[in-house]
Amino acid sequence: MKITFYGHASLGIQVNDVDILVDPFITGNPKASGININELKADYILVTHAHQDHILDVETIAKRTGAVVVSSFEVVSHFEKLGIEGHPMNLGGQWDFEFGTVKYVNAIHTSSFPDGSYGGQPGGFVIEGEHKNIYIAGDTALTFDMKLIPLKTKLDLAILPIGDNFTMGVEDAIVASDFVQCDKILGYHFDTFGYIEIDQEVAKRKFFEKDKDLMLLEIGDFIEL
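Residues numbered from 1 in each chain as written. Predicted model: local features only at pLDDT ≥ 70, side-chain atom pairs only at ≥ 80, totals over all residues. Heavy atoms only, no water.

**With respect to the side chain of Asn-29**
Following the sequence through the fold, Asn-29 ends up in the loop between β3 (18-22) and β4 (44-46). Taking relative accessible area as the criterion, Asn-29 reaches 2% and is therefore assigned buried. Residue contacts for Asn-29: discarding those within four places in its chain leaves Gly-7, His-8, Thr-192 and Ile-219. (Helix = DSSP H or I, 4+ residues; strand = E, 2+ residues; numbered from the N terminus. Buried < 20%, exposed > 50% of the residue type's maximum accessible area, 1.4 Å probe, protein only. Contact = heavy atoms within 4.5 Å.)

Right, dumping it as structure tokens:
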């Protein structure tokens, strides 16, 4: 499993020969100007919720690649009206895709489209692959619901927001890693704009002091599990 960071909360995940994008917000992020969305591969696009900084490039990429959008019923319905194929889910549900099992889990946040219309409930994804399991939290506050995840799934990586203000900050993300019983963390949703700027070295140190590994990738860099 290869995971590439495209800035903000945008990820690329490659599982064998299947390419997955998560929350593509690239053309609207000046810090991701080095990423050309016309070169990105996508068989599936996972969308955690309807906010613009998570859906901005979904339509363009999906129409070019034919990718299937996987998200809440409301988000999928929105993109189906634009001629894009989708797979609707709701909180607590799971489905076996060709790349693994996906469970749509709770997130504490809001969700509306850029025009203010209702975007369903926000969520995160637990992906159980053939060899590795990951949790993509989406935009969320710290919640006891995270404790449900390790009752079923042993995680190899937790992808957590750490920018604070709109989501968890570093301290709550450390607790979240305890809740999901995973000490290997990929941080995201930070440093895109002023409200979510962090001191990266301080963040890494705080995780290290709790015997945890916080990875903060440069845009375009990747890790392999």
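**Examining the environment of Glu-171**
With respect to the helices, strands and loops of the structure, Glu-171 is situated in helix α5 (residues 170-179). Along the backbone, Glu-171 and Lys-206 are 35 residues apart, and their C-alpha atoms lie at a distance of 7.9 Å.

**Considering the sheet that holds strand β12 (residues 184-188)**
One open sheet holds the seven strands; their spatial order is β7-β8-β9-β10-β11-β12-β13, and the pairing between them is mixed. Looking along the sheet, the strands with just one partner apiece sit at the ends: β7 (94-97) and β13 (213-215). Looking at each pair of strands side by side, their axes are set apart by 20 degrees on average, direction ignored. Examined bridge by bridge, strand β8 (residues 100-106) and strand β9 (residues 123-128) share six bridges and lie antiparallel to one another. Of the residues in β9, the one forming a bridge with Lys-103 is Val-126. (Pairing = 2+ DSSP bridges. Axes fitted to C-alpha atoms, helices over the stretch in contact; angles between N-to-C directions.)

**Details of a nonpolar patch on the surface**
A contiguous nonpolar patch, built from Phe-166, Phe-193 and Tyr-195 and spanning about 330 Å² of accessible area, is present on the exposed surface. For Phe-193, the location among the structural elements is in the loop between β12 and α6 (200-209). (Patch = residues over 30% accessible without salt bridge, like charges linked within 9 Å, V, L, I, M, F, W, Y side chains within 5 Å. Areas by Shrake-Rupley, 256 points an atom, 1.4 Å probe, with all protein chains shown as cover. Salt bridge = Lys/Arg side-chain N within 4 Å of Asp/Glu carboxyl O.)

**Points about the environment of Asp-139**
Mapped onto the fold, Asp-139 is located in the loop between β10 (133-136) and α4 (149-152). For Asp-139, a relative accessible area of 2% corresponds to the buried category. For the pair Asp-139 and Ile-162, spaced 23 residues apart in sequence, the C-alpha to C-alpha distance is 9.5 Å. The residues contacting Asp-139, other than those within four sequence positions of it, are His-49, His-54, Ala-107, Ile-108, His-109, Thr-167 and His-189. At a separation of 3.5 Å, a polar atom in the side chain of Asp-139 contacts the side chain of His-49. (Polar contact = N/O pair within 3.5 Å; in protein donor to acceptor, adjacent residues only side chain to side chain.)

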